[in-house]
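Fold and geometry: a report
Okay, here's what each chain looks like letter by letter:
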Amino acid sequence: MSAEISPASAGAFTWDRAWRGALKPVVFVLCLMPLLWLIVRALTVGLGANPIEAGIRYLGDWALRFVLIALAVTPLRIATGWNIVARLRRMLGLFAYFHVVVHIFGYVGVDHFFDWAAIGNDIVKRTYITVGMMALVMLTPLAITSTDGMVRRLGGAAWRRLHQLVYPAAVAGVIHYFMMIKAGYQEPLLYAVILAALFGVRIYKKWA
Ligand code: HEM
């Protein structure tokens with residue numbers, strides 16, 4: 001019997017095709033949930049005694065979590081053989097950048113009302129802000145070059161080399177977190193361990 005797919009069966013419904021088609025939209029909606037949750041809480045129960053700081057911190061947390069989630073895609077694909085998850089990498093990376101931008105907008109626009117002199121002072125005085133800025137500087141070219149057109153223009157090898165910047169950016173994000181807190185180091189420590197493990201998988205894959 002021939003295993004060829006006829007034009008009619010090529011368009012036919014299969015659960016596999018349905019799940020592949022639904023994966024991206026479902027993950028997209030899930031990625032919007034943290035921000036939606038923040039908005040709902042802000043409009044209902046409120047964000048506590050210092051809502052601006054709470055909002056900035058919440059968005060910073062999610063920025064870092066999304067960076068780590070995006071970084072986990074390739075190790076997950078290697079470990080499970082689920083090649084389909086590779087399709088989510090760009091979207092997850094852009095969600096990470098989106099949360100970084102909103103986090104920084106919270107600081108620059110909402111907390112400091114675009115008072116560039118005060119922000120400049122802060123950058124010089126508070127080293128964790130400088131480190132956060134370094135993470136932003138490294139993540140920005142990755143977001144700009146995330147389109148298919150930019151991958152073609154740069155060439156695969158150069159594009160991959162550039163996108164290695166995500167690791168130092170994630171390290172800077174974790175250091176930024178460590179530097180700004182005076183207690184409760186468990187969470188940044190957990191992120192540092194996850195980042196080291198993800199990096200370890202890459203190194204193992206490269207040398208194995
Ligand atoms: C120009 C760049 C950045 C600025 C100005 C900035 C600013 C801030 C500020 C003001 C805070 C809160 C400090 C406080 O509560 O007193 C904060 C916390 C934080 N930021 Fe950033 N940030 C930047 C970049 C980033 C990036 C790129 C990431 C992640 C990839 C990040 C992740 C975090 C995290 C995880 C926290 C701590 C959240 C918590 O306390 O739970 N930030 N940042």
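Overview of the structure. These numbers were taken from a predicted model, which means no experiment stands behind them. (Residues numbered from 1 in each chain as written. Predicted model: local features only at pLDDT ≥ 70, side-chain atom pairs only at ≥ 80, totals over all residues. Heavy atoms only, no water.)

Across its full length, the chain holds 10 helices and 0 strands. The linear arrangement of helices and strands in the chain, starting from the amino end, is α-α-α-α-α-α-α-α-α-α. Projecting the C-alpha coordinates of the chain onto the three principal axes gives extents of approximately 75 × 45 × 35 Å. Per-residue burial for the chain yields a buried fraction of 34% across its 208 residues. Within the chain, contacts between residues at least 6 apart in sequence are counted, and of these 64% link residues at least 24 apart. Carbon together with sulfur atoms contributes 70% to the accessible area of the chain, which is approximately 13200 Å² in total. Looking at charge distribution, the chain has the averaged site of its 20 positive side-chain charges lying 10 Å from that of its 9 negative ones. (Helix = DSSP H or I, 4+ residues; strand = E, 2+ residues; numbered from the N terminus. Buried < 20%, exposed > 50% of the residue type's maximum accessible area, 1.4 Å probe, protein only. Contact = heavy atoms within 4.5 Å. Areas by Shrake-Rupley, 256 points an atom, 1.4 Å probe, with all protein chains shown as cover. Lys, Arg positive; Asp, Glu negative; His and termini not counted. Charge placed at Lys NZ, Arg CZ, Asp CG, Glu CD.)

Right, let's get into the side chain of Asp-61. As for its position among the elements, Asp-61 is in helix H3 (residues 51–80). One buried charged side chain, Asp-61, makes no salt bridge at all; its nearest oppositely charged neighbour is Arg-65, positioned 4.1 Å away. The residues contacting Asp-61, other than those within four sequence positions of it, are Tyr-177, Glu-187 and Tyr-191. (Salt bridge = Lys/Arg side-chain N within 4 Å of Asp/Glu carboxyl O.)

Time to look at the site of the ligand. The local shell around the ligand holds 19 residues, among which Arg-57, Asp-61, His-103, His-176 and Met-180 are the closest. Asp-61 is positioned such that a nitrogen or oxygen atom in its side chain is 2.8 Å from an oxygen atom of the ligand. Between the ligand and His-103 there is a distance of 2.8 Å, counted from a nitrogen atom to a side-chain nitrogen or oxygen. Where the shell around the ligand is concerned, the elements lending two or more residues are H3, helix H4 (89–111), helix H6 (127–144) and helix H9 (166–180). The biggest single contributor to the shell around the ligand is H3, with 7 residues. Partitioned by chemical class, the residues of the shell around the ligand number 12 nonpolar, 4 polar and 3 charged. (Near = heavy atom within 4 Å. Polar contact = N/O pair within 3.5 Å; in protein donor to acceptor, adjacent residues only side chain to side chain. Nonpolar A, V, L, I, M, F, W, Y, C, P; charged D, E, K, R; others polar.)

Between its first and last C-alpha atoms H4 spans 32 Å; for 23 residues at 1.5 Å apiece the expected length is 33 Å, and the two agree. Bending of H4 peaks at approximately 30 degrees at the position of Phe-105. Every buried residue belonging to H4 is among Met-91, Leu-92, Phe-95, Ala-96, Tyr-97, His-99, Val-100, His-103, Gly-106, Tyr-107, Val-108 and Gly-109, and all of these are buried. Looking one or two residues beyond H4, the residue adopting positive phi is Phe-113, at roughly 45 degrees. (Expected span 1.5 Å × (residues − 1). Bend = angle between axes of the 7 residues up to and from the residue.)

The protein atoms that coordinate the iron atom of the ligand are His-103 (NE2) and His-176 (NE2), at distances of 2.0 Å. Relative to the metal, the 6 donor atoms surrounding the iron atom of the ligand lie at angles of 87 to 180 degrees, and the coordination shape comes out octahedral. Taken together, the residues His-103 in helix H4 and His-176 in helix H9 connect sequence positions 73 residues apart. Exposure class is identical for His-103 and His-176. Each is buried. (Donors = N, O, S within 2.8 Å, 3.2 Å for Na, K, Ca; no water. Tetrahedral: all angles 85-135°; square planar, octahedral: opposite > 155°, others 65-115°.)

Further remarks concern the side chain of His-103. With relative accessibility at 17%, the residue His-103 sits in the buried group. When residues no more than four places from it in sequence are discounted, the contact partners of His-103 are Ile-56, Leu-59, Gly-60 and His-176.

Between its terminal C-alpha atoms H9 stretches 21 Å, which fits the 21 Å expected from 15 residues at 1.5 Å a residue. Among the residues of H9, Val-166, Tyr-167, Ala-169, Ala-170, Ala-172, Gly-173, Val-174, His-176, Tyr-177 and Met-180 are the ones counted as buried.

No statement about biological role is implied by the geometric values presented.
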